[in-house]
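Survey of secondary and tertiary structure
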Amino acid sequence: MRKLHPRTLADVAPEAVLLAGAGRAVLLQLANPAVGHGVADHSSFATDPLKRLHGTLSYIYALSNGTPAQRRSMQRQVQRAHLPVKAAGTPRTPAYDASDPQLQLWVAATLYESALQIYDAVFPVLSASEAESVYQSYAILGTALGMPADLWPRTRADFAVYWAKQVDQLSVDLTVRGVAAELLAARQAPWGIRVLMPLARFLTAGQLPPTVRDMYGFAWSPRKERLLNACFRIMALLVTIAPKTIRHAPMRFYLRRIPD
């Protein structure tokens, strides 16, 4: 297997195989009640369930490998989309504000942790210095939206503590479960996407922390765990033979759609 020696987000983000963790990242985001209810109240999941995913991928690719103009364009688009996403909350629903730095931190954290989970399962293990360098570079996914840089945990060890604490605080109610169901059903998506959704649902459920998987009501078993590990082995084989033009094709597709 090729040794890539990644050092930054720009080296890691283009790998198409990381898309296998996209659903996991989104469902973890939604399991933060403030994010989940903000999305439920201010998005179009029912009519366009992949809109959030497309927006997230465009944002990541622009910040990691886009031109300065593309980075500025995506920052403005995301900030405009976040402005109306706020509510004071009620006794039964949480308050939320998409511009809250803590929520920006959580979203960036899910993108980093989900991407690295896939990367570590498919590519050679990163050295300690490589892993730390990649981790530090991921902070831009939050800081580009205004999150204070010192809010990003200082080291990977600090991040692990933060992550464990946040996962323990996640919860999924019927509203959030409904949003997740719309996303994973993708009934309004193009047929090519719908064909892949059974695999996407399987990968998403399998990669979630067990406690969060249970919150969403996903059934799991030792047999499914073996199938998931087999999927990772196949991915690892494919990335050794696929040329960069194939592995980076999704990134090029998204970058072509962003004004330069």
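Residues numbered from 1 in each chain as written. Predicted model: local features only at pLDDT ≥ 70, side-chain atom pairs only at ≥ 80, totals over all residues. Heavy atoms only, no water.

A count of helices and strands for the protein chain gives 15 helices and two strands. Its C-alpha radius of gyration of 18 Å places the protein chain within 12% of the 18 Å reference for a compact globule of 260 residues. Along the first, second and third principal axes, the C-alpha set of the protein chain runs to 55 × 45 × 40 Å. Of all 260 residues assigned to the protein chain, the portion counted as buried reaches 46%. Relative to all contacts within the protein chain whose residues are 6 or more apart in sequence, the contacts with residues 24 or more apart total 76%. (Helix = DSSP H or I, 4+ residues; strand = E, 2+ residues; numbered from the N terminus. Rg over C-alpha atoms; globule rule 2.2 N^0.38 Å. Buried < 20%, exposed > 50% of the residue type's maximum accessible area, 1.4 Å probe, protein only. Contact = heavy atoms within 4.5 Å.)

So, on to the packing of aromatic side chains. Throughout the structure, instances matching the rule amount to 15 aromatic pairs. Taking the centre distance of 6.3 Å and the plane angle of 80° together, the rings of Tyr 112 and Trp 152 count as edge-to-face. Taken together, the positions of Tyr 112 in helix H6 (residues 101-122) and Trp 152 in the loop between helix H8 (140-143) and helix H9 (156-168) put the pair 40 residues apart, joining distant regions of the chain. Using a relative accessible area of 9% as the deciding quantity, one classes Tyr 112 as buried. Aromatic pair Phe 159 and Tyr 162: ring centres 6.1 Å apart, planes at 50°, arrangement tilted. Of this pair, Phe 159 and Tyr 162 are both found in helix H9, three residues apart, which corresponds to roughly one turn of the helix. Both residues of the pair, Phe 159 and Tyr 162, count as buried. Members of the aromatic cluster, each reached through a chain of ring pairs, are Trp 106, Tyr 112, Tyr 135, Tyr 138, Trp 152, Phe 159, Tyr 162 and Trp 163. (Phe/Tyr/Trp six-rings, centres within 6.5 Å; stacked < 30°, edge-to-face > 60°.)

So, on to empty space enclosed by the protein. The tally for this structure, following the rule as stated, stands at two cavities of 30 Å³ or more. Around the largest cavity, the lining comprises 19 residues; the ones closest to its centre are Leu 18, Leu 57, Ile 60, Leu 111 and Ala 115. Of all the elements in the fold, those that place two or more residues in the lining of the largest cavity are helix H2 (22-30), helix H4 (51-65) and H6. If one sorts the elements of the lining of the largest cavity by residue count, H4 sits on top with five residues. Looking at the lining of the largest cavity residue by residue, the class counts come to 14 nonpolar, four polar and one charged. (1 Å grid on protein atoms, 1.4 Å probe; cavity = no way out; pocket = protein on both sides within 12 Å on 5 of 7 lines; lining within 4 Å. Points joined across faces, edges and corners; volume = space filled by probe spheres on them. Nonpolar A, V, L, I, M, F, W, Y, C, P; charged D, E, K, R; others polar.)

Running from amino to carboxyl end, helix H11 (residues 191-207) crosses helix H13 (residues 222-241) at an angle of 110°, the nearest separation of the two axes being 10 Å. It follows that H11 is roughly perpendicular to H13 by the angle criterion. Side by side, H11 and H13 meet where Phe 202, Leu 203, Gly 206 and Gln 207 of the first sit next to Lys 224, Leu 227, Leu 228, Cys 231, Phe 232 and Met 235 of the second. Considered class by class, the residues forming the contact of H11 with H13 number seven nonpolar, two polar and one charged. (Axes fitted to C-alpha atoms, helices over the stretch in contact; angles between N-to-C directions. Parallel < 35°, antiparallel > 145°, perpendicular 65-115°, else oblique.)

Moving on, we get to H13. The end-to-end C-alpha separation of H13 is 30 Å, in line with the 28 Å expected for 20 residues at 1.5 Å each. Listed as buried for H13 are Leu 228, Cys 231, Phe 232, Met 235, Ala 236 and Val 239. With its buried residues spanning 140° around the axis, H13 presents them on a single face. Every exposed residue of H13 that faces more than 90 degrees away from the buried side is listed here: Pro 222, Arg 223, Arg 226, Arg 233, Ile 234, Leu 237 and Ile 241. Looking at the buried positions of H13, the neighbouring elements they touch are H6, H11 and helix H14 (244-247). (Expected span 1.5 Å × (residues − 1). Arc of directions from axis to C-beta.)

Nothing here speaks to function; it is all geometry.
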